Amino acid sequence: MAAAMINRLIAPITLLAITFSVPIAQAAPKSPDIRLIASPPESSDFSIALGQQLIRAIYQQCGLTVEFLEAPPARSVTLAETGWADGELARPAHSVNPDSELVPLEPPISRLQLVPIYLDPAIPHEHSLDAADRIGYINGYRLAPQLLPAGKQGLAAHSTDQLLRLLEMGRIDAGVTLGWDAQRAAAVNPKLMIGAPILDSPVYHYIHNSRLKDAPCLSLALQGLKDSGYVDRLNNEAISAPQQPSTEVLVTSDPAEPLK
């Protein structure tokens, strides 16, 4: 009787272990024409919404339908790296784990700049972060913490809107975000200043190794959209579209230890 009771207890645990060890992309059957793409939430920054629009357009030209698996930026890339999705929205070169099965789709979508933003006019345009003690960055932008000067206090936020609010509240001296989103934030607060880029890198859409057969068509579709000016129009829209102050609940991580 004791053995039977143990078996009844173990069976559900074993079933749960098997269930949660299977990547989502493989656990749930889906149409062969659907691709699950990991992405930060569409609402986090306007550039994410336009990025999703571009990826949909690329896949549609190859007869494929995209469904986005939205998660915070740090989680999004991890989902794709570990095979829970068929790809990841967009990341700078060298920001994806080289041991993962993610492959950058050629050509690069565009060039990406990470820039400092700040309100203190005493902070210089060049080497802005050297003059800031407390620096905010978007959680999940893997390269950002590595680019901060040594000994600075880091604070991770969820979006550019939150970085702007942290600046206005005096909780950080400078923030780091994408150039497109920095220019949009400056439209909300004209006192916001944008420093010289700390990173200028090609940005790629990444696909999982299991979907490499999609790559030739996707590459041709992306190149065609670039040649037609579609990608440039999206980049311009990322900067010029109307922007309203955020009502998003402010959520940050605890301040990090000074970066070594």
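Residues numbered from 1 in each chain as written. Predicted model: local features only at pLDDT ≥ 70, side-chain atom pairs only at ≥ 80, totals over all residues. Heavy atoms only, no water.

K.L.:
When you look at empty space enclosed by the protein in this model, what are you seeing that I'm missing?
P.N.:
Using a probe with the size of a water molecule, rolled over the atoms, empty space left in the structure can be pinpointed. For the structure shown, the criterion picks out 2 cavities of 30 Å³ or more. What the largest cavity holds in volume is close to 450 Å³. Lining the largest cavity are 26 residues, and of these A90, L112, L178, W180 and V203 lie nearest its centre. The element contributing the most residues to the lining of the largest cavity is helix α3 (residues 46-60), with 6 residues. (1 Å grid on protein atoms, 1.4 Å probe; cavity = no way out; pocket = protein on both sides within 12 Å on 5 of 7 lines; lining within 4 Å. Points joined across faces, edges and corners; volume = space filled by probe spheres on them. Helix = DSSP H or I, 4+ residues; strand = E, 2+ residues; numbered from the N terminus.)

K.L.:
Could you clarify how one ought to interpret the pattern of salt bridges in this entry?
P.N.:
Working definition: two side chains of opposite charge can pair if their charged atoms are close together. Within the structure shown, the criterion is met by 6 salt bridges. For R35, the salt bridge identified is with D214, shortest N-O distance 2.6 Å. On the criterion of sequence distance, the pair formed by R35 in strand β1 (residues 34-39) and D214 in the loop between β10 (199-208) and α8 (215-227) is long-range, its members being 179 residues apart. Residue D214 is classed as buried on the basis of its relative accessible area, which comes to 9%. A salt bridge links R134 to D173, with the shortest nitrogen-to-oxygen separation between them at 2.8 Å. Highlighted residues: R134 in strand β6 (residues 134-138) and D173 in the loop between α6 (160-168) and β8 (174-178), separated in sequence by 39 residues. Residue D173 is classed as partly exposed on the basis of its relative accessible area of 23%. (Salt bridge = Lys/Arg side-chain N within 4 Å of Asp/Glu carboxyl O. Buried < 20%, exposed > 50% of the residue type's maximum accessible area, 1.4 Å probe, protein only.)

K.L.:
Looking at this model, I keep getting lost on the pairing of β6. Mind explaining?
P.N.:
Side-chain positions along a regular strand alternate between the two faces of the sheet. Burial within β6 is extensive, with 4 of its 5 residues counted as buried. The pairing of β6 with β8 spans 3 bridges and is parallel. Paired with Y137 across the strands is V176, a residue of β8. (Pairing = 2+ DSSP bridges.)

K.L.:
Please explain the packing of aromatic side chains as it appears in this structure.
P.N.:
We describe a pair of aromatic rings using the distance from one ring centre to the other and the angle between the two ring planes. Following the criterion strictly, the structure yields 1 aromatic pair and no others. On the basis of an interplanar angle of 70° and a centroid distance of 6.4 Å, the ring pair of Y204 and Y206 is categorised as edge-to-face. Comparing Y204 with Y206 shows no difference in burial state: the two are buried. (Phe/Tyr/Trp six-rings, centres within 6.5 Å; stacked < 30°, edge-to-face > 60°.)

Fair warning: the whole summary comes from geometry, so function is off the table for now.
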